[in-house]
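# A look at the structure
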Amino acid sequence: MDPRRRALLVLIVGFALLGTPGAALGVAWPSIAAELSRSLGDLGLLTLATGLTYSVTSLSSGAMTQRFRAGVVLVSAALAASAALVIYGGSDAFAWLVVASVPLGFAGGAIDSIGNGYVAVRHGTRSMGAIHAAFGLGAMLAPLLMTAIDAAGASWRVGFLVLAFGELLLGVGFWVSRATYRMPMEGRRDSPRRFGSRTLLGLSVTTFFIYAGVEGSTGFWAFTLLTEGQEISSTVAGLAVAAHWGALFASRVLLGVMGDRVEPNATILVSVIVMVAGLAALWWNPSAVVAISGLVVAGFGSGPVFPLEVILTPG
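Residues numbered from 1 in each chain as written. Predicted model: local features only at pLDDT ≥ 70, side-chain atom pairs only at ≥ 80, totals over all residues. Heavy atoms only, no water.

## As for the overall build of the protein
Short version of the rule: Strands are runs of DSSP state E lasting at least 2 residues, helices are runs of H or I lasting at least 4, and numbering of each runs from the N terminus. All radius of gyration figures rest on C-alpha atoms, and the globule criterion is 2.2 Å times the number of residues raised to 0.38. Relative accessibility thresholds used throughout: buried, under 20% of the residue-type maximum; exposed, over 50%; partly exposed, between the two (1.4 Å probe, protein chains only). Working rule for contacts: check all heavy atoms of both residues, and any pair within 4.5 Å makes them a contact. For accessible areas, the Shrake-Rupley method is used with a probe of radius 1.4 Å. Any residue's cover is judged against the shown protein chains and nothing else. Positive: Lys, Arg. Negative: Asp, Glu. His and the chain ends are not part of the count. Each charge is placed at NZ for Lys, CZ for Arg, CG for Asp and CD for Glu.
When you go through the protein residue by residue, the secondary structure sums to 13 helices and 0 strands. Listing each helix as α and each strand as β along the protein from the N terminus yields α-α-α-α-α-α-α-α-α-α-α-α-α. For the protein, the C-alpha radius of gyration of 19 Å lies close to 20 Å, the compact-globule estimate for 315 residues. C-alpha extents for the protein along the principal axes are approximately 55 × 40 × 35 Å. Within the span of the protein, comprising 315 residues, buried residues form 50% of the whole. Across the protein, the fraction of contacts at a sequence separation of at least 24, relative to all contacts at a separation of at least 6, is 81%. In the structure as shown, the protein presents an accessible area of about 14,700 Å², 68% of it carried by carbon and sulfur atoms. Once the 18 positive and 15 negative side-chain charges of the protein are each reduced to a mean point, those two points are 17 Å apart.

## Some words on the pattern of salt bridges
Formally: The salt bridge criterion pairs a side-chain nitrogen of Lys or Arg with a carboxyl oxygen of Asp or Glu, the two atoms within 4 Å.
According to the stated counting rule, one finds 3 salt bridges in the structure shown. Of the charged contacts in the structure, one is a salt bridge between E35 and R157, with a shortest N-O distance of 2.9 Å. Residue E35 is located in helix 2 (residues 20-35), and its partner R157 is located in helix 8 (residues 156-176); the two are separated by 122 residues in the primary sequence. A residue is classified by how much of its surface remains accessible, and E35, at 42% relative accessible area, is partly exposed. In this structure, the salt-bridge partner of R38 is D42, at a minimum N-O distance of 2.9 Å. Classification of R38 as partly exposed rests on a relative accessible area of 34%. For D42, a relative accessible area of 14% translates into the label buried.

## Here's the deal with the packing of helix 11 (residues 264-284) against helix 12 (residues 288-302)
Condition: Lines fitted to C-alpha atoms define the axes, with helix axes restricted to the stretch in contact, and inter-axis angles between N-to-C directions lie between 0 and 180 degrees. Roughly parallel refers to an angle under 35 degrees, roughly antiparallel to one over 145, roughly perpendicular to one between 65 and 115, and oblique to any angle outside these ranges. Two helices crossing with the near one rotated counterclockwise from the far one by less than a right angle form a left-handed crossing, whereas a clockwise rotation gives a right-handed crossing. All amino acids are sorted into three groups, where Ala, Val, Leu, Ile, Met, Phe, Trp, Tyr, Cys and Pro are nonpolar, Asp, Glu, Lys and Arg are charged, and the leftover types, Gly among them, are polar.
Two elements in contact, helix 11 and helix 12, have axes separated by 7 Å at closest approach and are oriented at 160°. Considered as vectors, helix 11 and helix 12 are oriented roughly antiparallel to each other. Helix-helix and strand crossings are classified by hand; for helix 11 and helix 12 the assignment is left-handed. Facing S271, V274, M275, G278, L279, A281, L282 and W284 of helix 11, the residues of helix 12 in contact are V290, A291, G294, L295, V297, A298, G301 and S302. Grouping the amino acids of the contact of helix 11 with helix 12 by side-chain chemistry returns 11 nonpolar, 5 polar and no charged.

## Considering unusual backbone geometry
Despite not being glycine, S37 has its phi angle at roughly 55°, a positive value. Counting through the fold element by element, S37 comes out in the loop between helix 2 and helix 3 (43-59). Given a relative accessible area of 66%, S37 falls into the exposed group. Backbone geometry places E231, a non-glycine residue, at a positive phi of 55°. Note that E231 resides in the loop between helix 9 (198-229) and helix 10 (234-258).

## Notes on a nonpolar patch on the surface
Put simply, the rule reads: A residue counts toward a patch only above 30% relative accessible area and without a salt bridge, and it is joined to like-charged neighbours within 9 Å or, for Val, Leu, Ile, Met, Phe, Trp and Tyr, to nonpolar neighbours within 5 Å.
Judged by side-chain polarity, L79, F165, L168 and L169 come together as a nonpolar surface patch covering roughly 390 Å² of accessible area. If one sorts the elements of the nonpolar patch by residue count, helix 8 sits on top with 3 residues. Within the secondary structure, L79 is located in helix 5 (residues 70-90).

## Focus: the layout of surface pockets
To keep things clear, this is the line we draw: A 1.4 Å probe that fits but cannot get out identifies a cavity on a 1 Å grid over protein atoms alone, an open set with protein on both sides within 12 Å along at least five of seven lines counts as a pocket, and a residue lines either if it has an atom within 4 Å of a point. Grid points are joined across faces, edges and corners, and a volume is the space filled by probe spheres set on the points.
The volume enclosed by the second largest pocket comes to roughly 220 Å³. Around the second largest pocket sit 17 residues that line it, and V27, A28, S31, D150 and F223 are the ones nearest its centre. Where the lining of the second largest pocket is concerned, the elements lending two or more residues are helix 2, helix 7 (125-151), helix 9 and helix 10. Across the lining of the second largest pocket, the residue classes break down as 9 nonpolar, 6 polar and 2 charged.

## A closer look at the packing of aromatic side chains
So the rule is basically this: Working definition: a ring pair exists when centres of Phe, Tyr or Trp rings (six-membered ring for Trp) sit within 6.5 Å. Plane angles under 30 degrees give stacked, over 60 give edge-to-face, the rest tilted.
Across all of its chains, the model carries 8 aromatic pairs by this definition. When the centroid spacing of 5.3 Å and the interplanar angle of 75° are considered together, the rings of Y118 and Y181 count as edge-to-face. Taken together, the residues span a long stretch of sequence, with Y118 in helix 6 (residues 94-122) and Y181 in the loop between helix 8 and helix 9 at a distance of 63 residues. Here Y118 falls in the buried class, since its relative accessible area comes to 2%. Of the residues examined, Y181 reaches a relative accessible area of 1% and is grouped as buried. Grouping aromatic residues by their ring pairs yields a cluster made of Y88, W156 and F160.

## Some remarks on the confidence of the model for the protein
Spelled out, the test is: Per-residue confidence from the predictor is given as pLDDT, running between 0 and 100.
Of the residues in the protein, 95% have a pLDDT of 70 or more, and the chain-wide mean is 89. Per-element mean pLDDT across the protein ranges from 77 in helix 4 (residues 61-67) up to 96 in helix 8.

## Looking at the environment of W175
Checked against the element boundaries, W175 lands in helix 8. Judged by relative accessible area, W175 falls into the partly exposed class, the value being 48%. When the C-alpha positions of W175 and T313 are compared, they lie 28 Å apart, and in sequence the two are 138 residues distant.

Take a look at the structure:
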């Protein structure tokens, strides 16, 4: 197989796994909180630890790829994620979950930023759509995995150990393809020259910030909202969260099929309107059907935003 094609396929798998820990944690959290005698709000400590590390890693990804080869960073990230998920699956103390969230955030930030940068530079819009569709697929499958484990009467720990094994295999894949993940800044000591409007750049960063918060918060809290706040059964809630991520996956597949035929700015505008409509229905909640439908609509609307913003960033 052509090395570039193989590297892209491994990266697609990497983005599928990138979407799994948060989606799995969102579904498993009520069970984790009960078993470890924690309040439901303590999930915020885990998301804070992961999010801060994720952000710092993403911001420093350029410096990392100047000093280290991108392929080596990707291998390290996959192994760090595997170790973190093993701790998640084996820990009997909440403090260890907080500790494990740090390498999990590092792994997510490294794979996300380097993967996006690599595809933006070396591939095109369809490949960008493919890796982000893979994220949605992984995020859809993780709640289904956790729901199936719960329905079978097994512990939530099993799910995290399964994901840890997947990350270990991903590390092997990154190692095999490590030489292909070359970035323009590798080995350079000078800073890249900047073009364009700083105001536009600031607005773009703000868009990423808001979008990531909305997507992450919805994914982490939807299951708890449906089960604890609206008394929907855990099985139905798990399927609803999976449908949310499945809708995101579907819209990103559609984006990949459409490729360069879509106008990015107009598509983002429509997507944001759909997101707001879906989240408004979830907040309104006159019935379980409306709430779940809103959750799914929000997922479909959110799908194109992140990959299209990445495509627009080099401009």
